[in-house]
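Chain residues, written in single-letter form:
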Amino acid sequence: MSKVLVIGAGGVGSVAVHKMAMNPHIFSDITLASRRIAKCDAIAESVKVRTGVIVKTAEVDADDVDATAALIEKVKPELVVNLALPYQDLSIMEACLKTGVNYLDTANYEPRDEAKFEYKWQWALHDRFKEAGLMALLGSGFDPGVTSVFAIYLKKHHLDRIETLDILDCNGGDHGQHFATNFNPEINIREVTAVARHWENGDWVETPPLSHKQSFDFDQVGPKNMYLMYHEEIESLKTHIPEIRRIRFWMTFGDAYLKHLEVLQNVGMTRIDPVIYEGKEIIPLQFLKAVLPEPASLGPTTRGKTNIGDIATGEKDGARKTFYIYNICDHEDAYDETGNQAVSYTTGVPAMIGAAMMLTGAWKGEGVFNIEQFDPDPFMDMLNKHGLPWQVKELAGPLEF
């Protein structure tokens, strides 16, 4: 029975607090906070209707370390679950250090003025968390998160060593919009338009954004075009599973999405540097975010399934083997349970599970850790029990591309 403070009232925050409320033996007291308390109140009302559990709400500017620390002191949680924007990771971590509280997030820090995705800023806080006797768990979403746990699970149970790892993220859902993103538009577009990077033979290999395409037939979704991208779990996995020779991350996109994105790039709407409009400074991408559909609003209209997993090739008892481990999540089922579509669901559920790992003592540590540094088995067990069942298949061989 533990008290938690969740910061962030988007779709992921909504899923996480719904699932926490469904596990009162672990989460006895939940407070949800964000910059706009009305969003928290709406989620709290949904939780009450669906589960009967009362979620407390609060308003906080998570960019303000002192204000966040003051809220932590008021709530007195055992754990702060950061489901706000990646820009706010460091300020929330500083607030946790200031108040002596453990920390969890789902995505690594990135600066506002540059689409740069690295763990170095958060890893640099390891000694301070260790000296304070606190634990910070990074990347407890799906990717990063479950995909990293999938990799370490395969190494524990199916492979003595992993040589190549491909992470395949497919959203086969259709929300009926001409153009919309299934999670925060600003973060989504920054990721998609960034230079693609993968890890191979001890070094980074860079390619232009969306320049490397392959087709893959996803179980219960069908054939989809997927594109090579950079994603932060590549950095942590190549660090914590150092024998890996190559790690790649692939994400599917439809032709209509890519055409709209191309036009938006061509007219400058994806820029993250400021421009002057009517005497005021604005960021074009932030303006675009304001006019696009709110991802949390897509739940009622989204149909189809997601399929996200890992394909790992390596050795087992001297023999070369390939395994595919993945989860399939139905958008409509996710909406029926939590009022949110599957992209939010697949991130919010692992956030709840990571929090449960820390609060129950299944995972312990002092310092800053990535999710693959812990025993995967209790986490994998909770995935099966709480809406994200997974399966493992042995393949005839590695990917041909």
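Reading the values: rules and limits
Residues numbered from 1 in each chain as written. Predicted model: local features only at pLDDT ≥ 70, side-chain atom pairs only at ≥ 80, totals over all residues. Heavy atoms only, no water. Buried < 20%, exposed > 50% of the residue type's maximum accessible area, 1.4 Å probe, protein only. Helix = DSSP H or I, 4+ residues; strand = E, 2+ residues; numbered from the N terminus. Pairing = 2+ DSSP bridges. Salt bridge = Lys/Arg side-chain N within 4 Å of Asp/Glu carboxyl O. Phe/Tyr/Trp six-rings, centres within 6.5 Å; stacked < 30°, edge-to-face > 60°. Contact = heavy atoms within 4.5 Å. Core = buried A, V, L, I, M, F, W, Y, C linked by side-chain atoms within 4.5 Å. Axes fitted to C-alpha atoms, helices over the stretch in contact; angles between N-to-C directions. Arc of directions from axis to C-beta. Polar contact = N/O pair within 3.5 Å; in protein donor to acceptor, adjacent residues only side chain to side chain.

Novice: Would you mind going over the pairing of strand 6 (residues 135-138) in detail, with residue names and values included?
Specialist: Of the two faces of strand 6, the one holding Met 135 and Leu 137 and the one holding Ala 136 and Leu 138 are both buried throughout. Across two bridges, strand 5 (residues 102-105) lies against strand 6 in parallel orientation. Of the residues in strand 6, the one forming a bridge with Leu 104 is Leu 137. Across four bridges, strand 6 lies against strand 17 (residues 367-370) in parallel orientation. Bridge pairing in strand 17 links Leu 137 to Phe 369.

Novice: Account for the pattern of salt bridges, naming residues and giving values.
Specialist: This structure, assessed with the given rule, holds 22 salt bridges. With a closest N to O distance of 3.9 Å, Lys 120 and Glu 118 form a salt bridge. With a relative accessible area of 18%, Glu 118 lands in the buried category. The salt bridge involving Glu 163 is made with Arg 320; its shortest N-O contact spans 2.5 Å. Of the two residues, Glu 163 sits in strand 7 (residues 161-171) while Arg 320 sits in strand 16 (residues 319-330), which places them 157 residues apart along the sequence. Residue classification places Glu 163 among the buried residues on the basis of a relative accessible area of 14%. Each of Arg 35, Asp 61, Asp 63 and Arg 112 takes part in a single network of salt bridges with overlapping partners.

Novice: Describe the packing of aromatic side chains, with residues and values.
Specialist: For the structure shown, the criterion picks out 15 aromatic pairs. Plain terms: the ring middles of Tyr 119 and Trp 123 are 5.3 Å apart, the flat faces sit at 15° to each other, and that makes the pair stacked. We classify Trp 123 as partly exposed; its relative accessible area is 25%. Note on Tyr 153 and Trp 390: the rings are 5.1 Å apart at their centroids and 65° apart in plane angle, and the pair reads as edge-to-face. Highlighted residues: Tyr 153 in helix 7 (residues 146-157) and Trp 390 in strand 18 (residues 390-395), separated in sequence by 237 residues. Of the aromatic side chains, those joined through ring pairs into one cluster are Phe 216, Phe 218, Tyr 324 and Tyr 326.

Novice: Please provide a residue-by-residue account of the environment of Thr 31, values included.
Specialist: Inspection of the secondary structure puts Thr 31 in strand 2 (residues 27-34). Setting aside anything within four residues of it in sequence, one finds Thr 31 in contact with Val 4, Leu 5, Val 6, Lys 56, Ala 58 and Val 75.

Novice: Account for the nonpolar core, with residues named and values stated.
Specialist: Among the nonpolar cores identified, the biggest contains 87 residues, and Met 20, Phe 27, Leu 165, Phe 379 and Leu 383 are the most heavily contacted of them. In terms of residue count, helix 13 (residues 342-360) provides more of this core than any other element does, eleven residues in total. When residues no more than four places from it in sequence are discounted, the contact partners of Phe 27 are Ser 2, Val 4, Met 20, Met 352, Ala 355, Ala 356 and Leu 359. Within the second largest apolar cluster, 25 residues are counted, among which are Ile 72, Val 80, Cys 96 and Tyr 119.

Novice: How would you sum up the side chain of Thr 147? Please name residues and give values.
Specialist: Mapped onto the elements, Thr 147 comes out in helix 7. We classify Thr 147 as buried; its relative accessible area is 0%. Apart from the residues lying within four places of it in its own chain, the contact partners of Thr 147 are Phe 142, Ile 167, Glu 233, Ile 308 and Asp 310.

Novice: Could you give an account of the sheet that holds strand 3 (residues 56-59), with specific residues and numbers?
Specialist: Taken together, seven strands build an open sheet; the order of strands is 3-2-1-4-5-6-17 and the sheet is parallel. Each edge of the open sheet carries a strand with a single partner, namely strand 3 and strand 17. On average, each strand axis in the sheet is tilted by 20° relative to the strand beside it, whichever way the strands run. Two elements, strand 4 (residues 79-82) and strand 5, share four bridges in a ladder whose sense is parallel.

Novice: Could you give me a rundown of helix 8 (residues 185-192), with the residues and numbers involved?
Specialist: Most of helix 8 is tucked away, with eight of its eight residues classed as buried. Those residues of helix 8 that fall on the buried side of the exposure criterion are Pro 185, Glu 186, Ile 187, Asn 188, Ile 189, Arg 190, Glu 191 and Val 192. Next to the buried residues of helix 8 lie strand 11 (222-229), helix 10 (255-266) and helix 11 (284-291).

Novice: Go over the environment of Leu 85 with me, naming the residues and quoting the values.
Specialist: Here Leu 85 lies in the loop between strand 4 and helix 4 (89-99). Judged by its relative accessible area of 22%, Leu 85 is partly exposed. Linking Leu 85 and Thr 207, residues 122 residues apart in sequence, is a C-alpha distance of 27 Å. Ignoring sequence-local partners within four residues, the contact set of Leu 85 consists of Asn 184 and Ile 187.

Novice: Please set out unusual backbone geometry residue by residue, giving values where relevant.
Specialist: Geometrically, the link from Asp 143 to Pro 144 is a cis peptide bond, its omega value of 5° lying close to zero. Within the fold, Pro 144 resides in the loop between strand 6 and helix 7. Here the phi dihedral of Asn 201 falls at roughly 50°; this positive angle occurs in a residue that is not glycine. Along the chain, Asn 201 falls in the loop between strand 8 (196-200) and strand 9 (203-207).

Novice: Which residues make up helix 3 (residues 65-75), and what are the values?
Specialist: Of all the residues in helix 3, the buried ones are Thr 68, Ala 69, Leu 71, Ile 72 and Val 75. Seen end-on, helix 3 carries its buried residues on one side only, within an arc spanning 160°. Looking at the buried side of helix 3, the elements it contacts are strand 1 (2-7), strand 2, strand 3, strand 4 and helix 4. At the N-terminal end of helix 3, a side-chain oxygen is found 3.0 Å from the backbone nitrogen of Asp 66, two or three residues along, and the residue is Asp 64. Directly beyond the C-terminal end of helix 3, a positive phi value near 60° is found at Lys 76.

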